[in-house]
Amino acid sequence: MKISQILAEDRITVSCELFPPKAGAALAGVEDVLRDTAALHPDFISVTYGAGGSTSKRTLDLTKRLQDRYGVTALAHLTCVSATRGEIAGQVRALRAAGIENILALRGDIPQNMEFPHQQSYHYASELVSDLRDMEGGADLCIGAACYPEGHVECLHRENDIDWLKRKVDMGVDFLTTQMFFDNNVLYQFLYRILSKGIRVPVVAGIMPLINSRQIKRSCELSGTMLPQRLQIITDRFGDDPASMRQAGIAYATEQILDLIANGVNHIHIYTMNKPEIAARIMDNLSNIICKPEGHSRG
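Residues numbered from 1 in each chain as written. Predicted model: local features only at pLDDT ≥ 70, side-chain atom pairs only at ≥ 80, totals over all residues. Heavy atoms only, no water.

Q: Help me understand the overall build of the protein, please; the structure alone is not making it clear to me.
A: Within the protein, the secondary structure is distributed over eleven helices and eight strands. For the protein, the share of sequence-separated contacts (at least 6 apart) that also reach a separation of at least 24 residues comes to 79%. Here the protein displays about 14500 Å² of accessible surface, and carbon together with sulfur accounts for 49% of that area. (Helix = DSSP H or I, 4+ residues; strand = E, 2+ residues; numbered from the N terminus. Contact = heavy atoms within 4.5 Å. Areas by Shrake-Rupley, 256 points an atom, 1.4 Å probe, with all protein chains shown as cover.)

Structure (structure tokens):
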């Protein structure tokens with residue numbers, strides 16, 4: 001099923017993200033992650049794509065497995081920063097042959113020691129979206145893209161960032177998924193700004209449960225995301241106690257999602273970090289709120 005169809009339904013949706021192991025790493029445990037994440041009955045599951053396409057084959061395999069074995073709508077990430085147009089066309093053919101019709105189109109992080117931009121490389125995700133629409137079978141794809149409520153780390157001015165986002169959407173994006181954020185007011189302001197620019201595709205709010213202090217530091221460094229004072233106080237108090245930080249992180253993410261839904265943000269995406277038990281706790285905390293209507297039960 002196309003994600004655009006799911007998001008068009010008049011109800012709350014909850015989706016999850018997982019990532020394949022790096023190339024050369026064992027696949028042990030991945031099946032458990034697939035099974036346990038699928039058992040949560042999310043509306044869809046996205047599978048990430050390693051830097052420079054390092055996990056492209058595994059992304060394809062896991063996405064196909066989610067759909068074929070577990071019956072879950074799957075979203076394959078596709079990054080283009082180190083790929084030629086011919087390579088991207090090959091990836092799309094493989095995805096379509098596997099029955100995948102949902103793609104999250106990303107530029108991706110620039111690999112270390114890569115000379116960028118080079119002649120045959122994509123410079124922006126908008127170029128990837130445009131090419132996807134022109135490729136064989138591309139017109140039938142459901143294409144998502146990323147957005148950044150606090151602004152992309154490489155863009156100095158927020159308004160310029162939204163102009164770039166508008167260009168990407170105009171190229172044929174069906175929905176947007178946000179980078180993690182920890183202050184809901186940041187998202188609400190962002191939604192107002194993009195609406196004023198004429199961006200009206202569905203926006204899925206990306207929530208990262210912060211369950212350990214190392215994860216908090218790395219996540220903020222990579223994304224440029226700021227910790228609100230309330231969350232900083234929580235991490236200062238509980239960051240050295242893994243069990244307490246885990247519980248506090250689940251509680252904070254639960255409250256964040258509750259506030260979003262209460263304010264009309266109905267599409268939630270949980271960055272699980274391959275820990276379906278964390279997503280399960282959050283979804284259980286909100287079980288009556290996020291339950292699907294009759295005929296769509298999460299089980």
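The discussion continues.
Q: Mind showing me how you'd approach helix H10 (residues 242–262) here?
A: A turn of α-helix holds 3.6 residues, and therefore any two residues three or four places apart point the same way. With 21 residues, H10 should cover 30 Å at 1.5 Å per step; its first-to-last C-alpha distance of 30 Å lies within 8% of that length. The set of residues buried in H10 consists of Met-245, Ala-248, Gly-249, Ile-250, Tyr-252, Ala-253, Thr-254, Gln-256, Ile-257, Leu-260 and Ile-261. Looking at the residues trailing H10, positive phi occurs at Gly-264, about 90°. (Expected span 1.5 Å × (residues − 1). Buried < 20%, exposed > 50% of the residue type's maximum accessible area, 1.4 Å probe, protein only.)

Q: In this structure, what is going on with the sheet that holds strand E1 (residues 13–18)? I would like to understand it.
A: Picture the strands of a sheet paired through backbone hydrogen bonds; they go either parallel or antiparallel. As summarised here, the arrangement of the eight strands in space is E1-E2-E3-E4-E5-E6-E7-E8, forming a closed barrel in which the pairing is parallel. Along the sheet, successive strands turn relative to each other by an average axial angle of 30°, direction set aside. Pairing of strand E5 (residues 142–147) with strand E6 (residues 175–178) involves four bridges; the strand directions are parallel. Note that in E6 the partner of Ala-146 across the bridge is Thr-177. This element, helix H5 (residues 125–134), spans strand E3 (74–79), strand E4 (102–106) and E5 of the sheet and lies at about 145° to E4. (Pairing = 2+ DSSP bridges. Axes fitted to C-alpha atoms, helices over the stretch in contact; angles between N-to-C directions.)

Q: Any chance you could explain the side chain of His-267 here in plain terms?
A: Turning to its location among the elements, His-267 is positioned in strand E8 (residues 267–271). Classification of His-267 by relative accessible area gives buried; the value is 11%. A polar contact is formed between the side chain of His-267 and the side chain of Thr-13, at a distance of 2.8 Å. Once residues lying within four places of it in the same chain are set aside, the contact partners of His-267 are Leu-7, Arg-11, Thr-13, Val-203, Val-204 and Ala-205. (Polar contact = N/O pair within 3.5 Å; in protein donor to acceptor, adjacent residues only side chain to side chain.)

Q: Looking at this structure, I do not really get the pairing of E4. What am I missing?
A: The side chains of a regular strand alternate between both faces of the sheet. Burial runs high along E4: five of the five residues are buried. By the alternation rule, side chains of E4 split into Asn-102, Leu-104 and Leu-106 and Ile-103 and Ala-105, which are all buried. Strand direction decides the pairing type here: E3 and E4, joined by four bridges, are parallel. If you follow Leu-78 over to E4, its bridge partner there is Ala-105. Taken together, E3, helix H4 (residues 85–97) and E4 constitute a β-α-β crossover, and its handedness is right-handed. Bridge analysis of E4 against E5 gives four bridges, and the strand direction is parallel. (Right-handed = clockwise from strand over helix to strand, strands pointing away.)

Q: Would you mind going over the nonpolar core with me for this structure?
A: A general tendency of soluble globular proteins is for nonpolar side chains to be buried together. The biggest cluster of nonpolar side chains holds 56 residues, and the ones touching the most others in it are Ile-88, Leu-132 and Leu-176. Not counting the four nearest positions on each side in its chain, Leu-176 is found in contact with Ala-145, Ala-146, Cys-147, Leu-165, Val-169, Ile-199, Val-201, Pro-202, Val-203 and Val-204. Listed in part, the 13 residues of the second largest apolar core include Met-180, Cys-220, Ile-234 and Met-245. (Core = buried A, V, L, I, M, F, W, Y, C linked by side-chain atoms within 4.5 Å.)

Q: Help me understand the pattern of salt bridges in this model?
A: Any two side chains of opposite charge can pair if their charged atoms end up close together. Going through the model one piece at a time under the given rule, you end up with 14 salt bridges. One salt bridge in this structure joins Arg-11 and Glu-9, with 2.5 Å as the shortest N-O distance. The shortest N-O distance in the salt bridge between Glu-31 and Arg-69 comes to 3.8 Å. Taken as a pair, Glu-31 in helix H2 (residues 30–38) and Arg-69 in helix H3 (residues 56–70) lie far apart in primary sequence, 38 residues in all. When salt bridges that share partners are traced, they join Glu-9, Arg-11 and Asp-43 into one network. (Salt bridge = Lys/Arg side-chain N within 4 Å of Asp/Glu carboxyl O.)

Q: Teacher, can you tell me more about the packing of helix H9 (residues 229–238) against H10 here?
A: Any two packed helices are characterised by how steeply their axes cross, that is the angle between the axes, and by the distance between the axes. Axis separation between H9 and H10 bottoms out at 9 Å; the angle between their running directions is 165°. Viewed along their axes, H9 and H10 adopt a mutual orientation that is roughly antiparallel. The handedness of the crossing between H9 and H10 is right-handed. In this structure, H9 contributes Arg-230, Leu-231, Ile-234, Thr-235 and Phe-238 to the contact, and H10 contributes Ser-244, Met-245, Ala-248, Tyr-252 and Glu-255. (Parallel < 35°, antiparallel > 145°, perpendicular 65-115°, else oblique. Left-handed = near helix turned anticlockwise from the far one by under 90°.)

So far we have only geometry, and geometry alone does not tell us how the molecule works.
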